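Residue-level structure breakdown
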Amino acid sequence: MTYQQPFNSFEKELISRADFCIKPYLQRSNARAFWQIISTILPIAVLWLVVAEIGHSHLYFLQKALALFPLLGLLALFSSRAFSLMHDCGHGSLFRSFWLNRTIGFLLGVVNAIPQHPWSRDHAFHHRHNGNWEIYRGPIDVLSLEEYQALTKPRKLLYVISRHWLMLFPGGFYYLIIKPRVTLILTLTDFIWSIAKAILNGLLTMNFSRFSSLSIRLRSHNSGYGNTFGEQFDLVANNIAVIICWLLMSQWLGTGLFWSCYSVVMTASAAIFICLFFVQHNFKDSYASCTEDWDLLLGALEGSSNLRLPHWMDWFFADISFHSLHHVCDRIPNYHLRACHLENQHLLKNAMTLSLVDIPSCFGYILWNSKSQKLTTIREAQKISQLSNSL
């Protein structure tokens, strides 16, 4: 684990976003973007064709399982890359055109079985508030130390278990396969109910003004993916496209083969990018401020870690390992991120750099101490509790 001491007050005055050399790296290239899409989607298609050949072969079950295992691993990695490219579309940084980013982003959302537009707006909220743990508590809804201490023992145990790294797998399955579908059902149910109430109130009061605008009715409901008409439309369209794809794939491969393979791929893929997101913000001495003292640049530099990964892993994750600079400016295309990082590395000396062996320790930091403005572990929380009880 490589880390320098946090910025002192003198350095805070000297370092600003204007000090970074960013402008030359903002140029987007449709050619490079399309090549990234082709080199991701084509292998996914080929791998599924091979899965079909193996699945429909006359091999024994164990032989099929052994042959499919490396293919599913590759599919999970390519799916993670598709998610990373979808992430870039959400920032409007992959293609030059707004509509290309929206269109390709939507299609990649179908590949990942998640509504891209609502997801990207929620992710933009993370970027606007990164490091402000009073407002944004990360992907696992980290509790403050005070909130955790107020829990009963059973609920404390449940909190610890639910934040264990092994929960990346059931959590990943829920995140991609279940949540968007449940959200759609709840959204439509609530919307229909709100329309029914509007009609009933209109009949009783003879006032239909609140029912007159469909977009207003949609915007009045918060689906969990946001509350704009565009987000609701994307949620519905994504679900329709994903379910159609599921039906076609089940008919082609057979329901059992498709879902056994697809579930493994999506679970592993989601576990990978949730893990990456977590360790890039939850680590020892991560910037964890309250609103009053929060600084956006410090949130980017000290509240985001960079990962030292093998080059082949960086390719699959579209260089998101250069994460602190991504938070300094999220409009840098992934294909310029590494070069921009190297150009500005003298300004990133105080950013945390993690290697693969450091990742397990990050999963201990699941509490926010608002008084010390630091992330802390359950063990440290217990020590603080014992100390306060002794006093």
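Residues numbered from 1 in each chain as written. Predicted model: local features only at pLDDT ≥ 70, side-chain atom pairs only at ≥ 80, totals over all residues. Heavy atoms only, no water.

**A look at empty space enclosed by the protein**
Summed over the entire model, instances satisfying the criterion amount to two cavities of 30 Å³ or more. Volume-wise, the largest cavity comes out at about 50 Å³. Across the lining of the largest cavity, the residue classes break down as four nonpolar, six polar and no charged. Estimated volume of the second largest cavity: approximately 40 Å³. For the second largest cavity, the full set of lining residues is Ser84, His87, Asp88, Phe317, Ala318, Asp319, Ile320, His326, Asn334 and Leu337. (1 Å grid on protein atoms, 1.4 Å probe; cavity = no way out; pocket = protein on both sides within 12 Å on 5 of 7 lines; lining within 4 Å. Points joined across faces, edges and corners; volume = space filled by probe spheres on them. Nonpolar A, V, L, I, M, F, W, Y, C, P; charged D, E, K, R; others polar.)

**With respect to the side chain of histidine 87**
Assignment of secondary structure puts histidine 87 in helix 3 (residues 61-90). In this structure histidine 87 comes out as buried when scored by relative accessible area, which is 7%. Within the structure, the side chain of histidine 87 is placed 3.2 Å from the side chain of histidine 91, a separation counted as a polar contact. A polar contact of 3.2 Å, which involves the side chain of histidine 87, links it to the side chain of histidine 123. (Helix = DSSP H or I, 4+ residues; strand = E, 2+ residues; numbered from the N terminus. Buried < 20%, exposed > 50% of the residue type's maximum accessible area, 1.4 Å probe, protein only. Polar contact = N/O pair within 3.5 Å; in protein donor to acceptor, adjacent residues only side chain to side chain.)

**Looking at the confidence of the model for the chain**
Summing up the model confidence of the chain, the mean pLDDT is 88 and the portion of residues at 70 or higher is 88%. The lowest-confidence element of the chain is helix 1 (residues 9-14), averaging 45 in pLDDT; the highest-confidence one is helix 2 (residues 30-55), averaging 97. Confidence over residues 1-13 falls short of pLDDT 50; this stretch has 28 contacts with residues more than four positions distant or in other chains. For residues 211-223, every residue scores under 50 in pLDDT, and the model assigns this stretch 27 contacts once sequence neighbours within four places are set aside. (pLDDT = per-residue confidence, 0-100. Contact = heavy atoms within 4.5 Å.)

**Brief notes about the environment of isoleucine 140**
For isoleucine 140, the location among the structural elements is in the loop between helix 5 (116-129) and strand 1 (143-144). On a C-alpha basis, the gap between isoleucine 140 and glycine 171 in space is 9.8 Å, while along the polypeptide they are 31 residues apart. Apart from the residues lying within four places of it in its own chain, the contact partners of isoleucine 140 are Arg163, Phe278 and Ile366.

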